[in-house]
Amino acid sequence: MKIYFCPALMDALVFLVMFAVMYRAGEQGMSITQCAWLACLFQLTYMLTSLAAGFLLSRRNTRFVMLAGIVLCTLSGVTCLMAEEYLLILTAFGGLGVFMACFFNAFQAFMRMESAPGDLKRSIGLYTLAWSSGSAAGILSSGFFYQLGFVMLSALIVLVGVVMLVVVLTHKPRPADAPSADEHVESGSGKAPPVDPIYVWIGWLMIFMAMFVQRPVHSFFPAISAKAGVSAFVTGLPLCLQMLVQAAVGLTMIRWRHLLYRRTPLWMTHGGAAVLLLVMWRWPTFPVCFVGISLLGAYAGFIYFCSVYYASNSGRRSLNIGVNEFLVGLGSFAGLFITEWFMKRTGNDANMYLVIAVALLVSLAAQLAIASRFRRADPIRA
C-alpha cells in the first residue's frame, strides 16, 4: 500500500511547482502567450517521452526508471523555482515534463506487475486516489508556501523527493515469476458487460479530452485570478477541491466496475461537464467558477479511471499506457493553445470555458460513434 504514496507525492511536487511558476508569471505581468509556452513545453516533452517509454519499459528496467524519474524531477522542480530568467525557467519546465513522464509510465507498469490477477480495478482506484490527492495537496500547499518564498518551496520539494526515494527503495516487490494483472484480462462481475478492446480507443479519446478540459483551467485560472487581485491561497482552493472530488470518484469506481464498457455513462459524464463549463462561460464570476471547477472533478475522476483501466486491461499494456500519457500531453497542448488563441482574439478570458465545452461535446459524439459502430456482435448493454 505504501508504494501508492509515490504518485501522490510526485503530483504534489509537480503541481506545487506548476502553480507557483504560473502564479508568479501573472504577478510579473507575463502575457497569456508566455504562460501558454511555459505550460505547453512541459506537455510537449511529457508526451514525447511517454510514447518512447511505452516501447522501452520492461519488468527489468521499471524500478530503475522510477528512481531516476524521482531524482531528476526533484532537481528540475528546484531549478524552476530558483531560476529568474524566462528562458531558464522554460528549459527547466520542459525537463520536468521529461522526468515526470518517466516516473508515471514506469509506476503504472510497476503497478500492474505488483497486482495479482483480478486486482486491477483496485490498483487503478488507489492510483487515481493517490495522484489526484497529491495534486490537491500540491495546489493547496503551493498557495500557502508561495507566501513564504521560493526557498521554502524548494526545501519542501527536496523533502518530498527524499521521501519518495525511501518508499521505492524499501518496497519489497512480488516475485518476478508470480502471475500478475499485467498478463491477465479482468472481466468484472456477472452484471458487467464483456471486455471490448475497442474501448482502448475510446479511453484514448477520453483522456485526451480530460486534459483538454483540465489543463487550460489549471494553467490560466491562477494567472487570471492573480490579475484580478485574488490571493494565491483562495485561487488554489477550487483547483484543490476539483482534485479531491476526482480522487473520491476514482476510488469509488472500484465498486462501480460494472459501469465500464457502456455508452450511457459516457454521455452522462460528458454532458454534465459541458453544462458546468457553459454556466461558467455565461457567468464567469469567481463564486460560479469556484463551484464549477470543483464539480468538474466528478467528470475527471470517472474519465481518468476508465482510460487507465481500458488501456491496462487488454493488448500491449505498456504501449497502451504510453499512448495514454502521450495523449495527456497532446490534450494539454491542444487545450492550451486553442483556448489561448480564442481568448486572445476575442479579448475575453471567459471564452476559454465555451471553447472547452464545445470540444467536449464533439469528443462525446466521436466516442459514442465508435462505441456504436464497432461494438461486438454481442451488444454492449447501455
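Residues numbered from 1 in each chain as written. Predicted model: local features only at pLDDT ≥ 70, side-chain atom pairs only at ≥ 80, totals over all residues. Heavy atoms only, no water.

Novice: Tell me about helix α9 (residues 264-282), and name the residues and values.
Specialist: Along its 19 residues, α9 runs 27 Å from first to last C-alpha, staying within 8% of the 27 Å computed at 1.5 Å per residue. Those residues of α9 not exposed but buried are P265, L266, T269, H270, A273, A274, L277 and M280. All buried residues of α9 lie within an arc of 155° about the axis, which places them on one face of the element. Across α9 from its buried face, at more than 90 degrees, point the exposed residues M268 and R282. Residues of α9 that are buried in the fold lie against α7 (198-227), α10 (286-312) and α12 (351-373). (Helix = DSSP H or I, 4+ residues; strand = E, 2+ residues; numbered from the N terminus. Expected span 1.5 Å × (residues − 1). Buried < 20%, exposed > 50% of the residue type's maximum accessible area, 1.4 Å probe, protein only. Arc of directions from axis to C-beta. Contact = heavy atoms within 4.5 Å.)

Novice: Account for the side chain of H218, with residues named and values stated.
Specialist: Considering the arrangement of structural elements, one finds H218 in helix α7. For H218, a relative accessible area of 5% corresponds to the buried category. Each residue touching H218, except ones within four places of it in the same chain, is listed here: F15, I139, L239, Q242 and M243.

Novice: Quick rundown of the nonpolar core? Include the residues and the values.
Specialist: Residues F93, F107, L277, Y299 and Y353 are the most contacted members of the largest nonpolar core, which totals 131 residues. Broken down by element, this core gets its largest block of residues, 17 residues, from α7. With residues near it in sequence (within four places) discarded, Y353 still touches V217, F221, L277, M280, W281, C289 and I293. (Core = buried A, V, L, I, M, F, W, Y, C linked by side-chain atoms within 4.5 Å.)

Novice: Summarise the packing of aromatic side chains; cite the residues concerned and give the values.
Specialist: Within this structure, the stated rule accounts for 19 aromatic pairs. Summarising the aromatic geometry, the rings of Y199 and Y310 are spaced 5.3 Å apart at their centres and angled 65° between planes, so their arrangement reads as edge-to-face. Separated by 111 residues along the polypeptide, Y199 in helix α7 and Y310 in helix α10 bring together distant segments of the chain. The structure contains a cluster of three or more aromatic residues connected by ring pairs, namely Y4, F103, F104, F107 and Y127. (Phe/Tyr/Trp six-rings, centres within 6.5 Å; stacked < 30°, edge-to-face > 60°.)

Novice: Any details on the packing of helix α4 (residues 86-114) against helix α11 (residues 317-346)? Residues and values, ideally.
Specialist: One can describe the packing of α4 onto α11 by two numbers: an axis separation of 10 Å at closest approach and a directional angle of 145°. Of the two elements, α4 crosses α11, and the hand of that crossing is right-handed. Across the interface between the two elements, N105, Q108, A109 and R112 of α4 pack against R317, S318, I321, G322 and E325 of α11. Counted by class, the contact of α4 with α11 contains 2 nonpolar, 4 polar and 3 charged residues. (Axes fitted to C-alpha atoms, helices over the stretch in contact; angles between N-to-C directions. Left-handed = near helix turned anticlockwise from the far one by under 90°. Nonpolar A, V, L, I, M, F, W, Y, C, P; charged D, E, K, R; others polar.)

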